[in-house]
Each structure stands twice: as structure tokens, then as C-alpha cells.
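# Structure assessment
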Amino acid sequence: MKTGVLALQGSFFDHVKSLELINKEYQLIKSVSDLENIDSLILPGGESTTMMKIQKSDDLFATIKIKINEGMPTLGTCAGLILLASDVIDGQSSISCLNTVVERNAYGRQNESFEGLVDFNGNKEMYCFIRAPKIISYGNTVTPIAFIDEEVVGIHENNIVGLSFHPELSNDIIYLEWLKNFLKDGLNVRSL
Amino acid sequence: MKIESTFKIKKGLAEMLKGGVIMDVVNAEQAVIAEKSGAVAVMALERIPADIRAEGGVARMSSVETIQEVIDSVTIPVMAKARIGHFVEAQMLESLGIDFIDESEVLTPADDKNHIYKHDIKTPFVNGATDIGEACRRIGEGAAMIRTKGEAGTGNVIEAVRHMRSMTDGINKIITADVNSLMSIAKEIRAPFEVVKDIHESKKLPVVNFAAGGIATPADAALMMQLGCDGVFVGSGIFKSGDPKERAEAIVIATTNFDNPEKLVEVSKELGEPMVGLNIDDLDETEKLAKRGW
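### Quick look at the overall build of chain B
Along the backbone of chain B there are 13 helices and nine strands. Taking 294 residues into account, the globule formula puts the C-alpha radius of gyration at 19 Å, and chain B, at 18 Å, falls close to it. Based on the C-alpha atoms only, the size of chain B along its principal axes is roughly 55 × 45 × 45 Å. The buried share of chain B, taken over its 294 residues, is 55%. Long-range pairs, those at least 24 residues apart, make up 66% of the contacts in chain B between residues at least 6 apart in sequence.

### So, the interface of chain B and chain A
Contacts between chain B and chain A engage 32 residues on the former and 31 residues on the latter. The set of elements that each furnish at least two residues to the side of chain B that touches chain A consists of strand 1 (2-4), helix 1 (7-17) and helix 12 (244-256) of chain B. For the side of chain B that touches chain A, the element with the most residues is helix 1 of chain B, which contributes six residues. Among the residues making up the side of chain B that touches chain A, the classes are represented as 12 nonpolar, 11 polar and nine charged. Across three bridges, strand 7 (residues 114-120) of chain A lies against strand 1 of chain B in antiparallel orientation. In the sheet register, A:Gly116 faces strand 1 of chain B, and the bridge partner there is B:Lys2.

### What to know about the packing of helix 2 (residues 48-55) of chain A against helix 12 of chain B
It is at 10 Å that the axes of helix 2 of chain A and helix 12 of chain B come closest, and there the two elements cross at 90°. On the basis of the axis angle, helix 2 of chain A is roughly perpendicular to helix 12 of chain B. From helix 2 of chain A, A:Thr50, A:Lys53 and A:Ile54 reach across to helix 12 of chain B, where they touch B:Val252, B:Ile253 and B:Thr256. Taken together, the residues of the contact of helix 2 of chain A with helix 12 of chain B break down into three nonpolar, two polar and one charged.

### Some remarks on the nonpolar core
All names here are of chain B. Met23, Ala39, Val42 and Ala80 are the most contacted members of the largest nonpolar core, which has 142 residues in total. When residues of this core are assigned to their parent elements, the largest contribution, six residues, is made by helix 12. Dropping the residues within four chain positions of it, alanine 39 is found in contact with Val21, Ile22, Met23, Ala34, Ile76, Ala248 and Val252. Counting residues in hydrophobic clusters, the runner-up holds seven residues, among them Ile52, Ala152, Leu289 and Ala290.

### Focus on the sheet that holds strand 9 (residues 134-138) of chain A
Residues and elements named next belong to chain A. Taken together, the three strands give an open sheet; going across it, the order is 5-6-9, and neighbouring strands pair in mixed fashion. What marks the edges here is a single partner per strand, and that holds for strand 5 (85-89) and strand 9. Strand-to-strand twist of the sheet, defined as the mean angle between neighbouring strand axes without regard to direction, takes the value 30°. In this sheet, strand 9 lies alongside strand 6 (residues 98-103) in antiparallel orientation, the contact comprising four bridges. Each residue of the ladder has a partner; that of valine 101, found in strand 9, is serine 137.

### Remarks on the pairing of strand 11 (residues 151-157) of chain A
Residues and elements named next belong to chain A. Bridge count between strand 10 (residues 143-148) and strand 11: five bridges; the pairing is antiparallel. Note that in strand 11 the partner of threonine 143 across the bridge is histidine 156. Here strand 10 folds back onto strand 11, and the loop between the two strands holds two residues, one of which, aspartate 149, carries a positive phi near 50°. Pairing of strand 11 with strand 12 (residues 160-163), which is carried by four bridges, proceeds in the antiparallel orientation. Looking at strand 12, one finds that glutamate 157 is bridged to isoleucine 160. Once strand 11 ends, the chain turns through two residues before running back antiparallel as strand 12, passing asparagine 158 with a positive phi of about 50°.

### A short note on the environment of A:Phe12
Residue and element names in this part refer to chain A. By the element assignment, phenylalanine 12 lies in helix 1 (residues 12-21). Using a count of 25 C-beta atoms within 10 Å as the deciding quantity, one classes phenylalanine 12 as buried. The sequence separation of phenylalanine 12 and phenylalanine 120 amounts to 108 residues, and the corresponding C-alpha distance is 21 Å. Those residues in contact with phenylalanine 12, other than ones at most four positions away along the chain, are Val5, Leu6, Ala7, Leu28 and Pro44.

### Observations concerning the packing of helix 2 (residues 28-36) of chain B against helix 4 (residues 64-73) of chain B
Residues and elements named next belong to chain B. Direction vectors running N to C along helix 2 and helix 4 enclose 30°, while the axes themselves pass 8 Å from each other. Between helix 2 and helix 4 lies a crossing of right-handed hand. Each of Ala28, Ala31 and Val32 in helix 2 lies in contact with helix 4, whose residues at this interface are Glu69, Val70 and Ser73. A class-by-class count of the residues in the contact of helix 2 with helix 4 yields four nonpolar, one polar and one charged.

Criteria and cut-off values
Residues numbered from 1 in each chain as written. Chains lettered and ligands numbered in written order. Predicted model: local features only at pLDDT ≥ 70, side-chain atom pairs only at ≥ 80, totals over all residues. Helix = DSSP H or I, 4+ residues; strand = E, 2+ residues; numbered from the N terminus. Rg over C-alpha atoms; globule rule 2.2 N^0.38 Å. Buried ≥ 20, exposed ≤ 12 C-beta atoms within 10 Å, placed from the backbone. Contact = placed C-beta atoms within 7 Å. Nonpolar A, V, L, I, M, F, W, Y, C, P; charged D, E, K, R; others polar. Pairing = 2+ DSSP bridges. Axes fitted to C-alpha atoms, helices over the stretch in contact; angles between N-to-C directions. Parallel < 35°, antiparallel > 145°, perpendicular 65-115°, else oblique. Core = buried A, V, L, I, M, F, W, Y, C linked by C-beta atoms within 7 Å. Left-handed = near helix turned anticlockwise from the far one by under 90°.

Structure, rendered in C-alpha cells:
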């Protein structure tokens, strides 16, 4: 089985590179028929408004939502987090299956974009925050899993992980190891 | 710990724009139409290239008011053009909080020898190039993204195709070259050695490469994507056409589904009139914008 990578727009090939590094086969997802043989899913960074517009023609997100609700391990980074969030300030929710409120571009415009030292997975690594969404709040079924100092920049709920930043632009070994395990069985990541 | 505006961050925004369409707009109203049509970013400029071509005169950075208006009207990234070598226009765009600066041959150049030293400005830059040597020189100066120059404002894709093919050939030559000949290649194409070495080692251009200049239809966008571009800029092609919104949406869908002819047929139906094109051979050499830049 393959990992699906949403490929409507954005940095999906960078996620493909991560998957190649962990020897996981992938399937680019552009329409509903691409979802058939996948066992896990990655929603990349890019522009969430653009992705929402493009998926409309065959209502791709509705089918993705069903897959996620059935328990498919799903990782969303940056715009991917926005697509997953149940509530989006200054934007609209779309797939809406991760119990959190996020705000688009809340760290500022590009000139305020930064590399930040993130505590993720018991490891500290510099990751890119590019016009990143901010995690404003989250429900009590959600566990924070990534931090800059005290600030939460990554969360986990059941089979879903949403990150404000871009581990796929760094591909450090600890992230790749985590990704491998997460895609295999998202549910067990609860114990993080 | 946070570090702003590293080269990785500058390049990173371009990575996020991949597979998308960046649309030229001259006011907030057009910017909103572009965003609603699925544009991944908008490019604010004074006049669209077809009008600059028709009206002549000196083309400069957009007015501060227009840029501010466009920034306030959309949530997607906003780009704006500065004249080649006009580092003060670039400093002003940085201060305005623009997300990407296009040091563009579409505007009248401000310096006939030098481009802007882009490393000193927090905002990332995109630059036009007609071949790999020009791309490498711009990357050496700090460009975080490259686009083909094409021939802006003509609605004629031939120059963009020429530039993209030339770029691909140049990259392939560097990748397959014996390591001992890299310096000689760098000399021949007048490129910084470090950039040539980087391409040889990573087997690709170190930054994202979009297509620009003359793209007018969904088929043009798909053609450039099949030729290996990471995304497309559409200038005059949208707001000089019969139905800008429909055309903008169609080009967005075509850019994602560039390898799916059925989808391309579907989105190309009932699009209204495309912009009227110009034959490149009918242009006087002095009218070719792609000749600007050094």
C-alpha cells in the first residue's frame, strides 16, 4: 500500500522526497480515483485557498474526510494543517476533522517568516515556518506534540497530526524515523 | 530561537508556490478576482505588460497606494515588480511588507549593467532568465526563484518555450559534465562556479523555476508544466481576455492537471475570447523585453 500525497498545489514533491528516503511508495492525489490504494495520507504546504478551489470539481475533500475519519494516518503541514482544522480564523474550514482553531498567516507575512528551534518528538531541530498558520486553541481530545519554547506548533488527535512548520524541507533522520512509524500506524503515535 | 529571512526561508516560500498560478493585477479588484479563481499569489504592477507595450513610456514600480490596497485585499502572497537594478524600489517594497519582489525586465531598467544585490534584502526575489547562465548569475546575486522571461504582453508562448528548453539543456549539460570541466562550463556560460557546482551535485536548479511571458490559455500553462516548469505566471493573458474569471480558473485547474488531456479539454470549454496575440517576428528587436537584463 502507498502513502497518498495531496498534489493539487504546493510542496508535495518535498514530501515525496521524504517518502523516498524511508522507502515508502507514494501516490500523488489529484482526484478521487487516486485514493484507492493508499493506507496513509500527507497534506502538504502551499496555498489552502488554491487547493480548496481546485478540489471542488470532484469534491475530493469529502472523500478524503471519510478516509481520515475511518482512521487513516494523516499528516498535514502548514496549509495541510489549515485544511484539517475544524475552525479557521480569517479563512474557511474545509476537510475539518482535527479539533483545533488555527489562524492563517498569524506569524506575519514573508518578511516575518523564520527558521525556529522546534522541540518535536523529544528532539530539537531548526524547521521552517513560512507564512505559517498559528494553532490558537485545541480540544481536550488533542495532544500538543511540537513546541517552540512554550508555544504549541504541532498537535495530534487519534490518527491525525497537524504541524505549523515544514519538516519535509529538513528531512532530518529523527523526523524520517517518526514519519515511518506514524504512516505505518498513526494510532500508536498517541503514546508520544 | 527564531531566525528570520534565511535563504532557506526565502526559497521555501517559492517551494510553497509550486504547481500554482501567479497572476498579474493592477488593482485590488483584480487581486480579489485572482484570489477567488485560485491564484497562488498575485503580482502587483502599474500596468499589465500588453498595455506597457502599447502605451510605451517609462514603466516603474506600482504606486505605494496600489500596492497597499492589493496587500489589504487578499490573504494570499503578494508580489510586486521593481525595475532591474533599482535597489531603492526593492527597499521600499521590502518596507511595504511585500512577500516576493520580481526584479523585472517588463519594467524599464534602472541600471544597464547591474542587477540588485538581493542577499541584503529580507524579501525574497524572483528574476527572469533566458538560459542557464543568466539563471545562475541571478541566483549568485541572491534570487530565491527563477522564471523564464518569455516575451511578456504578447500572448505568444514561443519565447517561454525557447527559454525553458534552453534552461533544461543547460542544466542537463552541467549535471552530466565531468567534474573537471565545471569551471570551464562556468566560464563559458558566465556563471558563478559555486552555483554550477551546486547544480552538478544536486542534479537540479537550486531554486524553483516558473514559466512566464506569453502564457494565454490553459493549454499554454499545461505545455510549460509538461516542459518541466514548477508553476506559471500569467500576466496580460487573464485580464486582457474576454472573461478573466473563467479563464483564470481554467488556467489554475490546467496547471494542476497538466498531464490530463480530458481535464484540459473540459476546462477549455466556453472560455470566451483569449487575448489577441502578437507575432514575435513582427516585433522590432528593440521592442523585445527579454533582451533586458545582463
